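Structure at a glance
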Amino acid sequence: MAGLIIALASGTVFGAGLALSQMANPAKVLAFLDVAGNWDPSLALVMGGAIAVTLVAFRPTLKRARPLVAARFFVPALKEIDARLVGGSALFGAGWGLIGLCPGPAFASLAFGMRESLVFIAAMVAGAALARLLPRKPLPEDAYAA
Amino acid sequence: MENFTPYSALAGGVLIGLAASVLLIANGRIAGISGVMGGLLAPAKGEVAWRVLFLAGLVAGALLYRWTAGDPYAIRFDASWPMIVAGGLLVGFGTRVGGGCTSGHGVCGMGRLSPRSLVATCVFMATGGLTVFDVRHLAAG
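The rules behind each value
- Residues numbered from 1 in each chain as written.
- Chains lettered and ligands numbered in written order.
- Predicted model: local features only at pLDDT ≥ 70, side-chain atom pairs only at ≥ 80, totals over all residues.
- Heavy atoms only, no water.
- Helix = DSSP H or I, 4+ residues; strand = E, 2+ residues; numbered from the N terminus.
- Buried < 20%, exposed > 50% of the residue type's maximum accessible area, 1.4 Å probe, protein only.
- Contact = heavy atoms within 4.5 Å.
- Lys, Arg positive; Asp, Glu negative; His and termini not counted.
- Charge placed at Lys NZ, Arg CZ, Asp CG, Glu CD.
- 1 Å grid on protein atoms, 1.4 Å probe; cavity = no way out; pocket = protein on both sides within 12 Å on 5 of 7 lines; lining within 4 Å.
- Points joined across faces, edges and corners; volume = space filled by probe spheres on them.
- Nonpolar A, V, L, I, M, F, W, Y, C, P; charged D, E, K, R; others polar.
- Salt bridge = Lys/Arg side-chain N within 4 Å of Asp/Glu carboxyl O.
- Polar contact = N/O pair within 3.5 Å; in protein donor to acceptor, adjacent residues only side chain to side chain.
- Axes fitted to C-alpha atoms, helices over the stretch in contact; angles between N-to-C directions.
- Parallel < 35°, antiparallel > 145°, perpendicular 65-115°, else oblique.
- Left-handed = near helix turned anticlockwise from the far one by under 90°.

On to the overall build of chain A. For chain A, the helix and strand inventory stands at six helices and zero strands. Counting across all 146 residues of chain A, residues that qualify as buried make up 53%. Across chain A, the fraction of contacts at a sequence separation of at least 24, relative to all contacts at a separation of at least 6, is 48%. Treating the 12 positive side-chain charges of chain A as one cloud and the 7 negative ones as another, the clouds have centres 9 Å apart.

By rolling a water-sized probe across the atoms, one finds the places where empty space is left. Roughly 270 Å³ of internal volume is contained in the second largest pocket. If you trace the second largest pocket, you find 14 residues lining it, with Ala27(A), Lys28(A), Ala31(A), Asn3(B) and Arg76(B) closest to the centre. For the lining of the second largest pocket, the leading source of residues is helix 2 (residues 26–33) of chain A, giving three residues. Looking at the lining of the second largest pocket, its residues break down into three nonpolar, five polar and six charged.

A few words on the interface of chain A and chain B. With 109 residues of chain A at the contact, the number on the chain B side is 104 residues. A salt bridge links Arg116(B) to Asp82(A), with the shortest nitrogen-to-oxygen separation between them at 3.8 Å. Along the contact surface separating chain A from chain B lie 21 residue pairs in polar contact (both at pLDDT 80 or more). Going through the elements one at a time, helix 1 (2–20), helix 2, helix 3 (42–63), helix 4 (83–99), helix 5 (103–109) and helix 6 (115–131) of chain A are the ones with two or more residues in the side of chain A that touches chain B. Among the residues forming the side of chain A that touches chain B, the class breakdown is 72 nonpolar, 24 polar and 13 charged.

Between helix 6 of chain A and helix 4 (residues 81–98) of chain B, the least distance of the axes is 6 Å, while the angle of their chain directions is 40 degrees. Judged by the inter-axis angle, helix 6 of chain A sits oblique to helix 4 of chain B. When the axes of helix 6 of chain A and helix 4 of chain B are compared, the crossing they make is right-handed. Here helix 6 of chain A contributes Arg115(A), Glu116(A), Val119(A), Phe120(A), Ala123(A), Met124(A), Ala126(A), Gly127(A), Ala128(A), Leu130(A) and Ala131(A) to the contact with helix 4 of chain B, which in turn contributes Trp81(B), Ile84(B), Val85(B), Gly87(B), Gly88(B), Leu89(B), Val91(B), Gly92(B), Phe93(B), Arg96(B) and Val97(B). Counted by class, the contact of helix 6 of chain A with helix 4 of chain B contains 15 nonpolar, four polar and three charged residues.

This part covers empty space enclosed by the protein. Applying the stated criterion across every chain yields a total of one cavity of 30 Å³ or more. One number sums up the size of the largest cavity: a volume of about 180 Å³. Lining the largest cavity are 17 residues; nearest its centre among them are Leu18(A), Met23(A), Val46(A), Met47(A) and Thr102(B). Sort the elements by how many residues they give to the lining of the largest cavity and helix 3 of chain A lands first, with four residues. Class assignment of the residues belonging to the lining of the largest cavity gives a composition of 14 nonpolar, three polar and no charged.

Right, let's talk about the packing of helix 2 of chain A against helix 6 (residues 115–138) of chain B for a bit. Look at helix 2 of chain A against helix 6 of chain B: their axes get within 8 Å of each other, and the N-to-C directions meet at 95 degrees. Compared by their axis directions, helix 2 of chain A and helix 6 of chain B come out roughly perpendicular. Here helix 2 of chain A contributes Leu30(A), Ala31(A), Phe32(A) and Leu33(A) to the contact with helix 6 of chain B, which in turn contributes Met125(B), Gly128(B), Gly129(B), Val132(B) and Arg136(B).

Structure below.
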């Protein structure tokens, strides 16, 4: 139960952060990626602010034997920099650059009530389902893949 | 530099970082939304509720912001329906193959100094920028 409340609370704070920073606005994100146009560096500060916190919090957290509520950490076990990582990221970036939305902001943008958000999310789900058709790398028994 | 909003950007980023940190220290989970969503596709037991609640929280948090801040901005899409579908497909497919997105690799992965995430982030930032450059500055009309 505590874990469920945490999930809801974390998502809510995350969503508020996305809205406050305007990352839920595709136009704002595209303005950052548009380095040759009217460049808006805001996204860099969003990332910077977020990573400043996670850099401080994550390492000591991951040194713990276990989380506060859950029984274990679910951290990705993959270590290699391989074609899937690079290729997948390249494709993701292309889709991101087409619209200016990535998964988190896509969900947060639902709060603004536009049909485009729903269509984008549906397409995201379809794309993710397609990815499951690719052969998977074998992982050690207790390993976790994101 | 147009429309640069440094303070709300930083503040929003800090909120995102805090949210991710709480999810990790309490639930042991990485706040990578492509993964949170992806885990719903063929969920194992006990994997559904927390993911649904987290995603619902994303919407709720954004709604809360709109209500408390007096709805300061509207969002704008600048794409045709085929582009929206294509973009969504690429994001959905690419994030699963690449194992993360701006939150998973960018915020969380870099926060734990993962070399994979650093590479992933550089790559998607680059292709994101190249795509926008192509669409806005190269493609005719």
